[in-house]
Amino acid sequence: MAILLKEKGLLDRTNLCATDFNKQSLDVARCGIYSLNHMQTYTSHYVSTVGIRAFSDYCRARHGSVRMDASFSDRLIFSPHNLVTVEFFGEMQMVICKNILIYFDRGLQDRVFQLCSNSLCRGRFPGLGSKESVDSDKGRIFETIDRRESLFKKGNSPTIEARATPHSRTYR
C-alpha cells in the first residue's frame, strides 16, 4: 500500500497504521526484512496492481533476505490491535482486514463489520481478502464496488455511535 501511495504522490499526506494481534508479526513488519523466498509472490502482487516502477526499486536483496526501502517507515505506525476487543480505532479512509474474517464465526464477523463501519469515514473503504465477503447481516452497511476483489464502500446506512475505549488510538 505504501508503494502504491508513493507512486501516486500521496504517501507524504498519508499515515498508514499496520496492526495485528500477533506481536511477532508486527515486529517482522516493523523491521521491513522479508525472506527472499516470498519475493516472487510480492512482486507478482505489485505487478498485478499495475505498478509504475520495478518492485525491486523499493527494496534491496542481501544474504537471502530483502529489506524494504526505509523511507516507508516514516509513514507507518505499527500497533497491536485485537479486532475482537476494540470498538473503535479512529477515523479512517480505508481499513483492510485481509484474510482474517474467514477464521471468525458469524458473530465475530458482524462485530468486525460494525468496527469497520464505526471507524470508516462515510463513503470510504473496507478491504477484505479474496475469500471474504460482506454477506452477513452487518454487511448491508457496505456497498459492493468489486466483489471479485472484495472491495466495498461504506454507504449511507446509519451506524452505531462510535466511542473510543481505553485501548483504542486515533491516528490522523
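In what follows, the structure referred to is the one given above.
A. Examining the sheet that holds strand β2 (residues 33-35) more closely. Ordered by their spatial adjacency, 3 strands build an open sheet running β2-β4-β3, and the pairing between neighbours is antiparallel. Whereas interior strands pair on both sides, the edge strands pair on one side only; in this sheet they are β2 and β3 (59-62). Pairwise comparison of adjacent strand axes, ignoring direction, gives a mean angle of 30° for this sheet.

B. Up close: the packing of aromatic side chains. Applying the stated criterion across every chain, the model contains 5 aromatic pairs. These aromatic residues form a ring-pair network of at least three members: Tyr 46, Phe 55, Tyr 58 and Phe 72. Over the aromatic face of Phe 72 sits the side chain of Lys 6, whose NZ or CZ is 5.3 Å from the ring centroid.

C. Just the pattern of salt bridges, in detail. Within the structure shown, the criterion is met by 4 salt bridges. With a shortest N-O distance of 3.1 Å, Lys 23 and Asp 27 are connected by a salt bridge. In this pair, Lys 23 and Asp 27 are both assigned in helix α2 (residues 23-31), 4 residues apart and thus about one turn of the helix distant. Each of Lys 23, Asp 27 and Arg 30 takes part in one network of salt bridges that share partners.

D. Region of the structure containing the nonpolar core. Ranked by internal contacts, the top residues of the largest apolar core, which has 16 residues, are Leu 83, Val 95, Cys 97, Val 112, Cys 116 and Phe 142. Every element with two or more residues in this core is listed here: β6 (92-97), α4 (106-119) and β7 (120-128). A total of 4 residues in this core trace back to one element, the largest contributor, which is α4. Once you skip the residues sitting within four places of it in the chain, Cys 97 turns out to touch Leu 83, Val 112, Cys 116, Gly 127, Leu 128, Gly 129 and Glu 132. Residues Ile 3, Leu 11, Leu 16 and Phe 72 belong to the second largest nonpolar core, which totals 13 residues.

E. A look at the pairing of strand β9 (residues 151-154). Residues Phe 152 and Lys 154 point to one face of β9 and are all buried, whereas Leu 151 and Lys 153, pointing to the other face, are not buried. Linking two consecutive strands that pair antiparallel, namely strand β8 (residues 142-146) and β9, is a turn of 4 residues; a positive phi of about 55° is found at Ser 150 within it.

F. Focus on α2. The backbone nitrogen of Gln 24 has a side-chain oxygen 2.8 Å away, supplied by the residue at the start of α2, namely Asn 22. In the stretch just after α2, Gly 32 is the one whose phi turns positive, near 70°.

G. Fine view of the environment of Tyr 58. Positionally, Tyr 58 belongs in the loop between α3 (39-48) and β3. Between the alpha carbons of Tyr 58 and Phe 72 there is a distance of 9.2 Å; along the sequence they are 14 residues apart. Those residues in contact with Tyr 58 that sit more than four places away from it in its chain are Ile 3, Lys 6, Glu 7, Tyr 46, Arg 53, Arg 67, Met 68, Asp 69 and Phe 72.

H. Summary view of the state of the cysteines. Here the structure, examined in full by the defined rule, presents 0 disulfides. Cysteine Cys 116 is unpaired, with the sulfur of Cys 97 as its nearest cysteine sulfur at 4.1 Å.

Conventions used here
- Residues numbered from 1 in each chain as written.
- Predicted model: local features only at pLDDT ≥ 70, side-chain atom pairs only at ≥ 80, totals over all residues.
- Heavy atoms only, no water.
- Pairing = 2+ DSSP bridges.
- Helix = DSSP H or I, 4+ residues; strand = E, 2+ residues; numbered from the N terminus.
- Axes fitted to C-alpha atoms, helices over the stretch in contact; angles between N-to-C directions.
- Phe/Tyr/Trp six-rings, centres within 6.5 Å; stacked < 30°, edge-to-face > 60°.
- Lys NZ or Arg CZ within 6 Å of the ring centre and 35° of its normal.
- Salt bridge = Lys/Arg side-chain N within 4 Å of Asp/Glu carboxyl O.
- Core = buried A, V, L, I, M, F, W, Y, C linked by side-chain atoms within 4.5 Å.
- Buried < 20%, exposed > 50% of the residue type's maximum accessible area, 1.4 Å probe, protein only.
- Contact = heavy atoms within 4.5 Å.
- Polar contact = N/O pair within 3.5 Å; in protein donor to acceptor, adjacent residues only side chain to side chain.
- Disulfide = S-S within 2.5 Å.

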